[in-house]
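So the chains spell out like this:
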Amino acid sequence: MTYSGAVKVGGAADVHELADLMISKVAVGPMNNNAYLLRCRATGEQLLVDAANEAETLLRLIGDDGIASVVTTHRHGDHWGALEAVVGTTGARTYAGRYDAEGIPVPTDVPVEDGGTVTVGEVSLTARHLVGHTPGSIALVYDDPHGHPHVFTGDCLFPGGVGNTWGDPEAFARLLGDVETKLFDVLPDETWVYPGHGDDTSLGAERPHLAEWRERGW
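Residues numbered from 1 in each chain as written. Predicted model: local features only at pLDDT ≥ 70, side-chain atom pairs only at ≥ 80, totals over all residues. Heavy atoms only, no water.

### Remarks on the nonpolar core
Core analysis: the biggest nonpolar cluster contains 22 residues, and Leu 21, Ile 23, Leu 38 and Leu 140 have the highest contact counts within it. Listing elements by their share of this core, those giving two or more residues are β2 (21-28), β3 (33-40), β4 (46-49), β8 (117-120), β9 (123-129) and β10 (138-142). Once residues within four sequence positions are removed from consideration, Leu 140 is found in contact with Val 49, Val 71, Val 118, Leu 125, Thr 126, Ala 127, His 150, Val 151 and Phe 152. (Core = buried A, V, L, I, M, F, W, Y, C linked by side-chain atoms within 4.5 Å. Buried < 20%, exposed > 50% of the residue type's maximum accessible area, 1.4 Å probe, protein only. Helix = DSSP H or I, 4+ residues; strand = E, 2+ residues; numbered from the N terminus. Contact = heavy atoms within 4.5 Å.)

See below:
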């Protein structure tokens, strides 16, 4: 089956099969959050991006192999609603951006800096600190050696714009600036974007609209 990234709450996961990594996407909870299970093909080790909601759904997705770690992209409660239950069941290490860790009620084992590395088996992901939606949001970039990059953006980048900054012009300018310099300026158009809610996109699909977003201010 071809991966589309279109999932719905209560529906099946969609699986993106890469050479070294399998990415399973599922939608959970009343705010239609995306959670992503990453599995290293070489070792079988697994990592969950955002234990957002519906712990039973996430644990069923994880399966008997368990997970080594959970990365929380940012401090907003809809992205960690099932974190305590998932960690309590699996014993997974917890990761979050250093400047958002204090806002997440489950203790963060590994505070992540900009440019820091998060691993799942033999696969490495690079964290990028993106300020504006929250003080310590992080995106995770997987630079696939067999193809184009993939980036998990949390609530910092979606199809059609950057994340919500609640009408704060300074926060918007900072978020758009970080997204431009740390993602668009250094990654190719083919980069696949996995957001915290809704459908996937690519940097190439969004790049032509950057000036439009800056002009409209959101």
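Following the structure, the description resumes.
### Focus on the pairing of strand β14 (residues 192-195)
The pairing of strand β11 (residues 150-154) with β14 spans 4 bridges and is parallel. Its bridge partner being in β14, Gly 154 is matched across the sheet by Pro 195. Bridge analysis of β14 against strand β15 (residues 201-202) gives 2 bridges, and the strand direction is antiparallel. When the bridges of β15 are listed, Trp 192 appears paired with Ser 202. (Pairing = 2+ DSSP bridges.)

### Topic: the packing of helix α1 (residues 55-62) against helix α2 (residues 83-90)
In contact at an axis separation of 9 Å, α1 and α2 are set at 40° when each is read in the N-to-C sense. As summarised for this structure, α1 and α2 are arranged oblique, according to the angle between their axes. α2 is crossed by α1, and the crossing has right-handed handedness. In this structure, α1 uses Ala 55, Leu 58, Leu 59 and Ile 62 to contact α2, whose residues at the interface are Ala 85, Val 86, Thr 89 and Thr 90. Among the residues making up the contact of α1 with α2, the classes are represented as 6 nonpolar, 2 polar and no charged. (Axes fitted to C-alpha atoms, helices over the stretch in contact; angles between N-to-C directions. Parallel < 35°, antiparallel > 145°, perpendicular 65-115°, else oblique. Left-handed = near helix turned anticlockwise from the far one by under 90°. Nonpolar A, V, L, I, M, F, W, Y, C, P; charged D, E, K, R; others polar.)

### Considerations on the sheet that holds β9
Strand order across the open sheet formed by 6 strands is β8-β9-β10-β11-β14-β15, with mixed pairing between neighbours. Across the chains shown, the open sheet's two edge strands, defined by having one partner strand only, are β8 and β15. Bridge count for β9 against β10 is 4 bridges, and the pairing is antiparallel. The residue bridging Thr 126 from the neighbouring strand is Val 141, located in β10.

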